[in-house]
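Report on the structure
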Amino acid sequence: MNMLHTFSGGDNCDSELKERLIATVKKEVKQLMEEAVTKKYIHEESSSVTSLCGAVEACLSHGLRRRALGLFKTSSTTALIQKIAKTCPEADYVSRRLLEIELANECNTIAGKRSCSSSDSIIKPKLLSKGSSSSVTTINTMSSGTSVSAPVVKYLWIRLALYEKRLSKIIEHLVNNANNYYDRDALVADPDFGSILSSLLVA
């Protein structure tokens, strides 16, 4: 889901666009919280998780300067996380987790699930810290059937950061350094909307 295509308009509609992007995140956060209370856990493939990650992706993509990402060939926001990893510990952690998953998937593709079973324990993040009232199942990046290729998980870095309770800090870092990566009218570059987005995603 590319929510940036959902909204259209010129500069006069920019404020409205940002308000609608934030409103979507608010709606998805509320729905996810309600699901956690009702079901006592949130499955990794929950549509609520996917929808929230898509809403966050849309906010982070708004006004993002592609040229600021250099030669990264991955999706724009994934490249952004890799770009800020040197100065943001939370982004560095997520980037390393993504690399672990990528290496484990390559191992699985070459040698099959059995020979890579030792990697399974290092690629499953704890999704909620102790003390939380709800639990979330882990992302299993290994294929469950006989296929040797691992499934593609949408918005993987956002899921990891959300589950590991690091997403808010990453967004906070982006807000504080928005001039390096975003156009000045971007949502993240807006001190009000950027702060709202970060606060919505605090554990």
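Right, let's walk through the structure included here. These numbers were taken from a predicted model, which means no experiment stands behind them.

Of all the eight residues making up helix α5 (residues 156-163), eight are buried; the element is thus mostly covered by neighbouring parts of the structure. Turning to α5, its buried residues are Leu 156, Trp 157, Ile 158, Arg 159, Leu 160, Ala 161, Leu 162 and Tyr 163.

Time to look at the side chain of Ser 76. Position of Ser 76 relative to the elements: it lies in helix α3 (residues 76-84). When sequence neighbours within four positions are dropped, the list of residues in contact with Ser 76 reads Ser 61, Leu 64, Arg 66 and Leu 69.

What follows is about the packing of helix α2 (residues 47-61) against α5. One way to put it is that α2 packs onto α5 with a least axis distance of 9 Å and a crossing angle of 110°. With respect to α5, the element α2 is oriented roughly perpendicular. Only Trp 157, Ile 158, Arg 159, Leu 162 and Tyr 163 of α5 make contact with α2, whose side of the interface consists of Val 49, Thr 50, Leu 52, Cys 53, Val 56, Glu 57 and Leu 60. Classifying every residue of the contact of α2 with α5 gives nine nonpolar, one polar and two charged.

The next subject is the environment of Cys 59. With respect to the helices and strands, Cys 59 occurs in helix α2. When the C-alpha positions of Cys 59 and Leu 187 are compared, they lie 6.5 Å apart, and in sequence the two are 128 residues distant. If we ignore the near neighbours within four places in the chain, the residues touching Cys 59 are Leu 21, Val 25, Leu 187, Val 188 and Leu 197.

Basis of the calculations
Counting restarts for each chain: residues are numbered from 1 in the order of the written sequence. Reporting in this predicted model follows two pLDDT cut-offs: at least 70 for local features of residues, and 80 or more for side-chain atom pairs to be given and counted; totals over whole chains, interfaces and linings ignore these cut-offs and use all residues. By convention in this description, side-chain values take in all heavy atoms of the structure and omit both hydrogens and water. Accessibility here uses a 1.4 Å probe with only protein chains present; expressed as a share of the type maximum, an area under 20% marks a residue as buried, one over 50% as exposed, and anything in between as partly exposed. What counts as a helix is a DSSP run of H or I of at least four residues, what counts as a strand is a run of E of at least two, and both are numbered from the N terminus. Two residues qualify as a contact provided that any one of their heavy atoms is within 4.5 Å of a heavy atom in the partner residue. Axis lines are fitted to C-alpha atoms, over the contacting stretch for helices. Their N-to-C directions set the angle, which ranges from 0 to 180 degrees. Our angle categories are set so that under 35 degrees counts as roughly parallel, over 145 as roughly antiparallel, 65 to 115 as roughly perpendicular, and the remainder as oblique. Classification convention: Asp, Glu, Lys, Arg as charged; Ala, Val, Leu, Ile, Met, Phe, Trp, Tyr, Cys, Pro as nonpolar; all other residues, Gly among them, as polar.

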